[in-house]
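Here's the letter readout for the chains.
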Amino acid sequence: DSLLHNPFYIKYANNTEHLYIIDKINNEERNLYRYSTITDSTELFCQDKYINRVQIDPKDNSIWISIDNPENSVLMQLSTEGIRLNEITGFSGISDFQISAESNTIIVADDVERVVKHIRSNSSVVGIFEDAFYPSKVFIE
C-alpha cells in the first residue's frame, strides 16, 4: 500500500491471483497496478491520465480498460502481459462498462451521448439503447 496514492477503482480477476487497481496520482496521471495475492507484490501494468474502469474478459482473462478522454473515449484490450490487442472507438464518454460472460459482448454506458451501447469485441453493434437518461453504471444479471 505504500505505492498507492488515491486508489479509486479495484477489480478482482476471477480464477486468477490478481487484483487490478487504478490509482489517481494527481489530475495528470493515473496508474493501473496489478497486485498478486500469492506473492503479495504490485507491478505497474499501464499508465494513462484518462484510465477510468477495468474489466476482465471471462473468456481469456485479457484486460479491458476504458480510456475516458474528453475528446475520444475508447475501450482498449490488453493481454495478460500488457500487450495491446484491440481498441474500440466511437464513444463520447464511458462512465462504466461490463463484459457479458454468456455472450462475450460488451455493454457500455456512454454518459455524454446518454446511450447504452451493446457491442461485440470486433466493434460491431448489437444494439443501442437511446432512452437512457443518464447512464452511469452497468449491471449484468
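To start, this report covers the structure provided alongside it. Every chain's residues receive numbers from 1 upward, in the order its sequence appears when written. Residues qualify for local features only when their pLDDT is at least 70, as the model is predicted, and side-chain atom pairs are given and counted only at 80 or more; totals for whole chains, interfaces and linings, by contrast, use all residues. Only hydrogens and water are removed before side-chain values are computed, so all heavy atoms of the structure are retained for them.

### Some words on the overall build of the protein chain
Reasoning step 1: Strands are runs of DSSP state E lasting at least two residues, helices are runs of H or I lasting at least four, and both sets are numbered from the N terminus onward. Along its length, the protein chain carries 0 helices and 12 strands.
Reasoning step 2: Overall, the protein chain shows an N-to-C arrangement of helices and strands of β-β-β-β-β-β-β-β-β-β-β-β.
Reasoning step 3: Taken over C-alpha atoms, the radius of gyration comes to 15 Å for the protein chain, in line with the 14 Å a tight globule of 141 residues would show.
Reasoning step 4: Across its three principal axes, the protein chain shows a C-alpha extent of roughly 45 × 35 × 25 Å. In this description the radius of gyration comes from C-alpha coordinates, and the expected globular size is given by 2.2 Å times residues to the power 0.38.

### A few points about the sheet that holds strand E10 (residues 105–110)
Reasoning step 1: Note on pairing: DSSP must find at least two bridges between two strands before they are called paired. On the basis of which strands lie adjacent, the open sheet formed by 4 strands has the order E9-E10-E11-E12 and antiparallel pairing. Of all the strands in the sheet, the pair left with one neighbour each is strand E9 (94–99) and strand E12 (125–129). Pairwise comparison of adjacent strand axes, ignoring direction, gives a mean angle of 15° for this sheet.
Reasoning step 2: Relative to E12, strand E11 (residues 115–120) runs antiparallel, the two sharing 4 bridges. Along E12, the bridge assignment pairs Val 116 with Phe 129. Each axis is a line fitted through C-alpha atoms, taken for helices only over the stretch in contact, and angles between the N-to-C directions span 0 to 180 degrees.

### Remarks on the pairing of strand E5 (residues 51–56)
Reasoning step 1: For every residue, the accessible area obtained with a 1.4 Å probe (protein chains only) is divided by the maximum for its type, and the residue is called buried under 20%, exposed over 50%, and partly exposed between those limits. Counting buried residues in E5 gives 6 out of 6 residues, a clear majority hidden from the surface.
Reasoning step 2: The pairing of E5 with strand E6 (residues 63–67) spans 5 bridges and is antiparallel. Paired with Arg 53 across the bridge in E6 is Ser 66.
Reasoning step 3: The hairpin turn running from E5 into E6, its antiparallel successor, is 6 residues long, and Asn 61 in that turn takes a positive phi close to 60°.

### Digging into the pairing of E11
Reasoning step 1: In terms of burial, E11 is a largely internal element, 5 of the 6 residues being buried.
Reasoning step 2: Two elements, E10 and E11, share 6 bridges in a ladder whose sense is antiparallel. Each bridged residue has a counterpart across the sheet, and for Asp 110 the counterpart in E11 is Val 115.
Reasoning step 3: Between E10 and E11, which pair antiparallel in sequence order, lie 4 residues; one of them, Arg 114, sits at a positive phi of approximately 60°.
Reasoning step 4: Counting the residues in the hairpin turn of E11 and E12 gives 4 residues, including Ser 123, whose phi is positive at 80°.

### Digging into the packing of aromatic side chains
Reasoning step 1: Centres within 6.5 Å are what make two rings of Phe, Tyr or Trp a pair, Trp counting through its six-membered ring; a difference in plane orientation under 30 degrees is then read as stacked, over 60 as edge-to-face, and the rest as tilted. As enumerated under the stated definition, the model contains 1 aromatic pair in all.
Reasoning step 2: Plain terms: the ring middles of Tyr 20 and Phe 45 are 5.6 Å apart, the flat faces sit at 75° to each other, and that makes the pair edge-to-face. Taken as a pair, Tyr 20 in strand E2 (residues 18–26) and Phe 45 in strand E4 (residues 41–47) lie far apart in primary sequence, 25 residues in all.
Reasoning step 3: For Phe 45, a relative accessible area of 12% translates into the label buried.
Reasoning step 4: To sit over a ring, a charge needs its Lys NZ or Arg CZ within 6 Å of the ring centre and within 35 degrees of the ring normal. One residue, Arg 114, lies across the ring of Phe 133, its end atom 5.6 Å from the ring centre.
Reasoning step 5: Directly above the aromatic system of Phe 139 lies the positively charged group of Lys 137, at a separation of 5.8 Å from the ring centroid.

### A short note on the sheet that holds strand E1 (residues 7–12)
Reasoning step 1: The antiparallel open sheet is built from 4 strands, whose spatial order is E1-E2-E3-E4. The sheet terminates laterally at E1 and E4, the two strands that pair on one side only. Across the sheet, the mean angle separating the axes of adjacent strands is 25° when strand polarity is ignored.
Reasoning step 2: By the bridge criterion, 8 bridges tie E2 to strand E3 (residues 29–36) in an arrangement that is antiparallel. The residue bridging Leu 19 from the neighbouring strand is Tyr 35, located in E3.

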